[in-house]
Amino acid sequence: MAEGAEKKVKKKATLLQRRDRKGYLFILPWLVGFIVFYVRSIIQTIQFSFNTLTMDAGVGGYALSWAGLENYRYAFTVHPTFKQILTTSVMDMVIDVPLIIFFSLFMAMLLNKEFKGRGLVRAIFFLPVLMNAGAITAALDLSATMMNGGVSGEVAETAGAASDAVAFSLDYLIDMFVSIGIPAKLLDYMVSAVERINDIIRASGVQIVIFIAALQSIPSSLYEVAKIEGATTYETFWKVTFPMVMPHIITNVVYTIVDSYSTSDVVELASSTAFTNFNYGLSAVFSLVSAVVTCAILVVVVNFIQKRTFYYT
Amino acid sequence: MKVKREIFTNELDRKVFLGQVTEFFVTLLKVAILVGVSYVIISPIIGMIVSSIASTEDIYNPMMFILPENPSLEKYSLAALRLDYVKTMGRDLLYTITLTIIQLLVCSMVGYGFARFNFRFKNLLFACVVIMIVIPPHTIMLPLYMTFKNFDLFGLIPSINMMSTVKPVYIMTALGCGVRSGLYIYIFNQFFRGLPKEIEEAAFVDGAGVWYTYFRIMLVNAMPSVITVTVFSLVWQFNDVFYANLFLISEDVVISKKIGSLAAVIANQDKILNVKIQEQYVNAGIILILLPIVMIYLLLQKQFMEGAERSGIVG
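Residues numbered from 1 in each chain as written. Chains lettered and ligands numbered in written order. Predicted model: local features only at pLDDT ≥ 70, side-chain atom pairs only at ≥ 80, totals over all residues. Heavy atoms only, no water.

### Here we look at the overall build of chain B
What counts is decided by this rule: Only DSSP runs of H or I reaching four residues or more are called helices, and only runs of E reaching two or more are called strands; each is numbered from the N terminus. Any residue under 20% of the maximum accessible area for its type is buried, any over 50% is exposed, and the rest in between are partly exposed; the area is computed with a 1.4 Å probe on protein chains only. In these tables, accessible area is a Shrake-Rupley quantity obtained with a 1.4 Å probe, and a residue counts as shielded only by the protein chains included in the view.
On a plain count of helices and strands, chain B comes out with 14 helices and zero strands. Secondary structure elements of chain B, listed N to C terminal, follow the sequence α-α-α-α-α-α-α-α-α-α-α-α-α-α. Classification of the 315 residues of chain B by burial places 51% in the buried group. Accessible surface, chain B: about 15,200 Å² in total, of which carbon and sulfur atoms supply 68%.

### Details of the interface of chain A and chain B
For clarity, the cut-off: Contact criterion: two residues are considered in contact whenever any of their non-hydrogen atoms come within 4.5 Å of each other. Note on terms: buried area is the combined drop in 1.4 Å-probe accessible area of two parts once they are placed together, counting the loss on both. We define a salt bridge as a side-chain nitrogen of Lys or Arg found within 4 Å of a carboxyl oxygen belonging to Asp or Glu.
Contact with chain A, which involves 93 residues of that partner, is made by 98 residues of chain B. Both sides together, the interface formed by chain A and chain B hides about 8,500 Å², and carbon and sulfur atoms give 79% of it. Of all residues in chain A, A:Phe26, A:Trp30 and A:Phe37 bury the most surface against chain B, accounting for 11% of the area lost on that side. Summed over the shared surface of chain A and chain B, the number is one salt bridge.

### Structural notes on the packing of aromatic side chains
Here is the rule we go by: Two rings belonging to Phe, Tyr or Trp (six-membered ring only in the last case) form a pair when the distance between their centres is within 6.5 Å. Interplanar angles under 30 degrees mark stacking, angles over 60 mark edge-to-face geometry, and anything in between is tilted.
Enumeration according to the criterion identifies 34 aromatic pairs over all chains in this entry. Aromatic side chains A:Phe76 and A:Phe82 sit 5.6 Å apart centroid to centroid with 75 degrees between the ring planes, which places their arrangement in the edge-to-face category. For A:Phe76, a relative accessible area of 32% gives the class partly exposed. By relative accessible area, A:Phe82 is classed as buried at 0%. Aromatic side chains A:Phe126 and B:Phe232 sit 6.2 Å apart centroid to centroid with 50 degrees between the ring planes, which places their arrangement in the tilted category. Of this pair, A:Phe126 sits in helix α6 (residues 118-130) while B:Phe232 sits in helix α11 (residues 223-239), each in a different chain.

### Considerations on the layout of surface pockets
We count it as follows: Grid points spaced at 1 Å over the protein atoms alone were grouped into cavities, where a 1.4 Å probe fits but cannot get out, and pockets, open sets with protein on both sides within 12 Å along at least five of seven lines, with lining residues defined by an atom within 4 Å of a point. Grid points are joined across faces, edges and corners, and a volume is the space filled by probe spheres set on the points. Amino acids outside the nonpolar list (Ala, Val, Leu, Ile, Met, Phe, Trp, Tyr, Cys, Pro) and the charged list (Asp, Glu, Lys, Arg) are all regarded as polar, and Gly is one of them.
Size it by volume and the second largest pocket reaches roughly 1,300 Å³. Taken together, 30 residues form the lining of the second largest pocket, with A:Met109, A:Lys113, A:Thr233, A:Thr236 and B:Lys30 sitting closest to its centre. At the level of secondary structure, the elements contributing two or more residues to the lining of the second largest pocket comprise α5 (82-112), α13 (220-228) and α14 (233-262) of chain A together with α1 (2-53) of chain B. Tallied by class, the residues present in the lining of the second largest pocket amount to 17 nonpolar, eight polar and five charged.

### Concerning the environment of B:Ser77
All names here are of chain B. Tracing the backbone through its elements, the reader meets Ser77 in helix α3 (residues 74-83). Under the relative-accessibility criterion, Ser77 is labelled partly exposed at 47%. Here the alpha-carbon distance between Ser77 and Tyr281, two residues 204 residues apart in the chain, equals 9.4 Å.

### Re the confidence of the model for chain B
Definition in use: The predictor attaches a confidence to each residue, called pLDDT, with possible values from 0 through 100.
With 93% of its residues at a pLDDT of 70 or more, chain B has an overall mean of 83. Across chain B, the secondary-structure element scoring lowest on mean pLDDT is helix α2 (residues 56-59) of chain B, at 76, and the one scoring highest is helix α4 (residues 85-116) of chain B, at 92.

### Quick look at empty space enclosed by the protein
Evaluated as defined, the whole model comprises five cavities of 30 Å³ or more. Along the wall of the largest cavity there are 10 residues; nearest its centre are A:Pro128, A:Arg202, B:Val40, B:Ile41 and B:Pro44. Secondary-structure elements contributing two or more residues to the lining of the largest cavity are α11 (197-203) of chain A together with α1 of chain B.

### Some details on helix α10 (residues 184-195) of chain A
Selection criterion: A helix is expected to span 1.5 Å for every residue after the first.
Under the 1.5 Å per step criterion, the end-to-end length of α10(A) is 16 Å for 12 residues, consistent within 8% with the ideal 16 Å. Turning to α10(A), its buried residues are A:Leu187, A:Val191, A:Ser192 and A:Ala193.

### Overview of the packing of helix α10 (residues 210-221) of chain B against α11(B)
All names here are of chain B. Under the convention used in this document: To define axes, lines are fitted to C-alpha atoms, for helices over the stretch in contact only, and angles between the resulting N-to-C directions are given on a 0 to 180 degree scale. An angle below 35 degrees is treated as roughly parallel, one above 145 as roughly antiparallel, one from 65 to 115 as roughly perpendicular, and anything else as oblique.
The N-to-C vectors of α10 and α11 enclose an angle of 70 degrees; their axes lie 5 Å apart at closest approach. Here α10 is positioned roughly perpendicular relative to α11, judged by the angle of their axes. Judged by residue contacts, Leu219, Val220 and Asn221 of α10 engage Met223, Pro224 and Val226 from α11. Residue classes in the contact of α10 with α11 are distributed as five nonpolar, one polar and no charged.

### Quick notes on the nonpolar core
Rule in force here: Nine residue types can take part in a nonpolar core, namely buried Ala, Val, Leu, Ile, Met, Phe, Trp, Tyr and Cys, and a core is a set of them joined through side-chain atoms within 4.5 Å.
If you look at the biggest cluster of nonpolar residues, it comprises 173 residues, and the most contacted ones within it are A:Trp30, A:Phe125, A:Phe126, A:Ile249, B:Phe114, B:Trp236 and B:Phe247. Broken down by element, the residue count for this core peaks at 15 residues, all from α5(A).

### Observations concerning a positive patch on the surface
In plain terms, the rule: Residues qualify for a patch when their relative accessible area is over 30% and they have no salt bridge, like charges being joined within 9 Å and the nonpolar side chains of Val, Leu, Ile, Met, Phe, Trp and Tyr within 5 Å. Residues scored as charged are limited to Lys and Arg (positive) and Asp and Glu (negative), so that His and the chain ends carry no count. Charged groups are reduced to one reference atom each: NZ for lysine, CZ for arginine, CG for aspartic acid, CD for glutamic acid.
On the surface, a cluster of positive charge is made up of A:Arg18, A:Arg21, A:Lys22 and B:Arg120. Within the secondary structure, A:Arg21 is located in helix α2 (residues 15-21).

### Re the packing of α14(A) against helix α16 (residues 280-307) of chain A
Residue and element names in this part refer to chain A. What counts, and what does not: Definitions for this section: a left-handed crossing has its near helix turned counterclockwise from the far helix by less than a right angle. A right-handed crossing has that turn clockwise.
For the pair α14 and α16, the least separation of the axes is 10 Å and the interaxial angle reads 165 degrees. Classified by the interaxial angle, the pair formed by α14 and α16 is roughly antiparallel. Crossing handedness for the pair α14 and α16: right-handed. Between α14, through Met246, Ile249, Ile250, Val253, Val254, Ile257, Val258 and Tyr261, and α16, the contact on the second element is made entirely by Ser287, Ser290, Ala291, Thr294, Ile297, Leu298, Val301, Val302, Ile305 and Gln306. Class assignment for the residues of the contact of α14 with α16 results in 14 nonpolar, four polar and no charged.

### A few points about unusual backbone geometry
All names here are of chain B. If you check the backbone angles, Asp84 has positive phi at about 50 degrees while not being a glycine. Position of Asp84 relative to the elements: it lies in the loop between α3 and α4. Relative accessible area serves as the criterion here: at 35%, Asp84 is assigned to the partly exposed category. Although it is not a glycine, Phe121 sits at a positive phi angle of roughly 65 degrees. Turning to its location among the elements, Phe121 is positioned in the loop between α4 and α5 (122-134).

Right, here's the structure in full:
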């Protein structure tokens, strides 16, 4: 039946249809790779999570023994840190994503204007992307703390120099805002945002590039119209710039969430469970649960933004 | 009548003046933000450079800040020696650049396939590309490890242990599943969709086949995307330690892995046990590692920023 149907199609195939069939050839390498590496691996990961896996070092193979939901039960009720690490990772993601998006949009708008030395500043903003390898990041953190107290800050401290006297006290400022009557929750968020400014800047290199590109693609006629109609800069931002970059906000949110997940502690935990404790089943549970949680967040957030997105066609 | 007119001009003057003042302060604020954020980004790098060129006495001198009194390049020479810099960097660059070329070819081909052909299940398959972007490789690292530990091509050949070689990364990249390949496919797809169809129609009328059209016409036109993907791929491949750790690739190929053990090597072989001085060597090593990639970026930067604007990275 299927064969007959195919023959029928072949007979009827126009020049265009015949050409279209060649499309499969173009995507073939990827299709093979996707099935072999992704589909197969995901199925295997699910399988591992329901089994206890023992490595057979001699042959290089492995043996599975059915464990049912035991690994899941262990992860959620017995494992001491999994739930906590998962929650902190998700919370970090939820806090960081809006900050990174707004920071990178703001920076992109500043960098989009013509000014002297723009190339240099753009290069500086891309630097964090250039050096985000694990070892380099660790060394950079160290270097950053040293810069805060001078290169010899640590030595000076041990010598008894009172660096506190020079250091600007943040508590005083916070007290001031509390007494003005700003809600404590909001204030906590702002303070944590300021404290994480290093991480946020470091995580927004690619997003800034995407936003600059997005801003460049807005037709200038829209701005001309806004100007003729007498819109202020503020109005122009909310009525022209913001709606026009909305679709790219989705791209950036997806990128940021994925990026934040792949550098989070829960991934770290999954990899150490597998490769230092050799508990593969449990590691598969960690990976799966965190991936499902991340995907759920992605779907919810993307849906939320998509409903409010204006597509200019 | 005359009085009124005078007031009017005064009013205008006042407005113009106020406008200029506001503009001045807004510009000042912008410059302050840009300078401030730039400083946050480059200050650790300045710190690293200073630390790496300072001599041992300088490190213990509490008066020293930013400008070392006795700068020396001694730290660099030892770090380069222990990293086996020229050879390791050569191998790493060869590894990174060949992988980038494979990424470019495969991802642009797949992206073109998705952009310009209407085959069955196209939307479903493209959804799979998006899934590939979203699912981090960490989720499937275990099966990947096992696939390549006993690589048997689904039982077709006796199993080979591919651990500690670079083959797994090459195989995955050639099959469009390398470091962030999904994103590159997406970028190329978006770009090719934006090109006018007439170019291909003209090529077809002139008798060009699909492959000729793709290689000689479409790929040449896709220069902005090619540059964007080249920069991203070079940078991310060079910095990638995830796959390098997963497949136990030797430190002699992936230099970003080697820097992790530099402090230990220096402590062991040169008997430098002071942590602060070891740190100087590590900083020198990091500067050495960053040099080529920063240079490549600076070379491509102009095209990259302009390219990003026109390439498919934007929706």
